[in-house]
Amino acid sequence: MNRKLFTEWAMDIAEDSKIRSTCLSRQVGAVIIKDKQIIATGYNGAPTGAIHCTDIGYCERKNRGIPSGQGLELCRAGHAEANAINQCAKHGTSCDGATLYVTTQPCVFCCIHLIQAGIKKVVFKGDYPTGLGLQLLNEAGIKYHKYEEALKIDQEEYDIKREKDLQRAEDFRNMPKPY
């Protein structure tokens, strides 16, 4: 049986979440998982009740020719990571000790939110134009991995656990059954 790796499964959920994005520039999805359970998802888009960029029909930053990672004060969209954390806050769910899976490397502002929310690990795809966010994660002692690296780590851990599980199953099959 080929079981999907946990990291792959979690990132698939983040990828599925980004489909809800209302940003015209970049669709990003995130999922926060604690103790192997999903506690929140998020995607980038305008705040609840505000007009979405997809409805307006343009991106203010793109109209002004502002490069990626700059002029964020002109962006109507909350980021996927922050929106997932906000969902936890709204529903009274602590994300202390949780892992965030996100389809794009978090910006510096999201990294600050991740640190303050108690996220302990971040797995991301892609790169962001500035590395300050990752520096802050590092300073705060938060583990982070690019997706490909996280998959390798997950595979190694799975292989070790699988070997033990197969031995346990063999031992179970060979022991007398009192029933």
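Cut-offs used in this document
- Residues numbered from 1 in each chain as written.
- Predicted model: local features only at pLDDT ≥ 70, side-chain atom pairs only at ≥ 80, totals over all residues.
- Heavy atoms only, no water.
- Patch = residues over 30% accessible without salt bridge, like charges linked within 9 Å, V, L, I, M, F, W, Y side chains within 5 Å.
- Areas by Shrake-Rupley, 256 points an atom, 1.4 Å probe, with all protein chains shown as cover.
- Salt bridge = Lys/Arg side-chain N within 4 Å of Asp/Glu carboxyl O.
- Lys, Arg positive; Asp, Glu negative; His and termini not counted.
- Charge placed at Lys NZ, Arg CZ, Asp CG, Glu CD.
- Helix = DSSP H or I, 4+ residues; strand = E, 2+ residues; numbered from the N terminus.
- Buried < 20%, exposed > 50% of the residue type's maximum accessible area, 1.4 Å probe, protein only.
- 1 Å grid on protein atoms, 1.4 Å probe; cavity = no way out; pocket = protein on both sides within 12 Å on 5 of 7 lines; lining within 4 Å.
- Points joined across faces, edges and corners; volume = space filled by probe spheres on them.
- Nonpolar A, V, L, I, M, F, W, Y, C, P; charged D, E, K, R; others polar.
- Axes fitted to C-alpha atoms, helices over the stretch in contact; angles between N-to-C directions.
- Parallel < 35°, antiparallel > 145°, perpendicular 65-115°, else oblique.
- Left-handed = near helix turned anticlockwise from the far one by under 90°.
- Contact = heavy atoms within 4.5 Å.
- Pairing = 2+ DSSP bridges.

### Details of a negative patch on the surface
And then number 1: Taken together, the side chains of Glu156, Glu157, Asp159 and Glu163 define an acidic patch exposed on the protein surface.
And then number 2: Within the secondary structure, Glu157 is located in helix α7 (residues 147-174).
And then number 3: Among the residues examined, Glu157 registers a relative accessible area of 52% and is labelled exposed.

### Considering the layout of surface pockets
And then number 1: As a volume, the largest pocket reaches approximately 720 Å³.
And then number 2: Lining the largest pocket we find 24 residues, and of these Phe6, Thr7, Lys36, Asp154 and Glu157 sit closest to its centre.
And then number 3: Contributions of two or more residues to the lining of the largest pocket are made by α1 (6-17), β1 (29-34), β3 (99-102) and α7.
And then number 4: Top element by residues in the lining of the largest pocket is α7. It accounts for 8 residues.
And then number 5: When the residues that make up the lining of the largest pocket are grouped by side-chain class, the tally is 9 nonpolar, 3 polar and 12 charged.
And then number 6: Roughly 390 Å³ of internal volume is contained in the second largest pocket.
And then number 7: Taken together, 16 residues form the lining of the second largest pocket, with Tyr43, Ala46, Thr48, Asn83 and Gln87 sitting closest to its centre.
And then number 8: Elements that contribute at least two residues to the lining of the second largest pocket include exactly β2 (37-43) and α4 (80-90).
And then number 9: Grouping the amino acids of the lining of the second largest pocket by side-chain chemistry returns 4 nonpolar, 10 polar and 2 charged.

### Describing the environment of Lys34
And then number 1: Within the secondary structure layout, Lys34 lies in strand β1.
And then number 2: For the pair formed by Lys34 and Ile119, sequence separation is 85 residues and the distance between their alpha carbons is 9.3 Å.

### So, the packing of helix α5 (residues 108-117) against helix α6 (residues 132-139)
And then number 1: Direction vectors running N to C along α5 and α6 enclose 20°, while the axes themselves pass 8 Å from each other. When the axis of α5 is compared with that of α6, the two are roughly parallel. Both α5 and α6 take part in a crossing whose hand is right-handed. Here Val108, Cys111, Ile112 and Ile115 of α5 come into contact with α6, specifically with Leu132, Gly133, Leu134, Leu136 and Leu137.
And then number 2: For the contact of α5 with α6, a count of residues per class yields 8 nonpolar, 1 polar and no charged.

### A look at the pairing of β3
And then number 1: The two faces of β3 match: Thr99 and Tyr101 on one face and Leu100 and Val102 on the other face are all buried.
And then number 2: In the sheet, β1 pairs with β3 via 4 bridges, with the strands oriented antiparallel. Bridge assignment links Ile32 to a residue of β3, and that residue is Leu100.
And then number 3: Here β3 runs beside strand β4 (residues 121-124); their pairing, made up of 4 bridges, is parallel. Paired with Leu100 across the two strands is Val122, which belongs to β4.

### Brief notes about empty space enclosed by the protein
The probe, sized like a water molecule, is rolled over the atoms to show the empty space still left.
And then number 1: Taken as a whole, this structure holds 1 cavity of 30 Å³ or more when the rule is applied.
And then number 2: Space inside the largest cavity adds up to approximately 30 Å³.
And then number 3: As for the largest cavity, its lining consists of Cys23, Leu24, Ser25, Cys53, Cys59, Arg61, Cys75 and Ala77.

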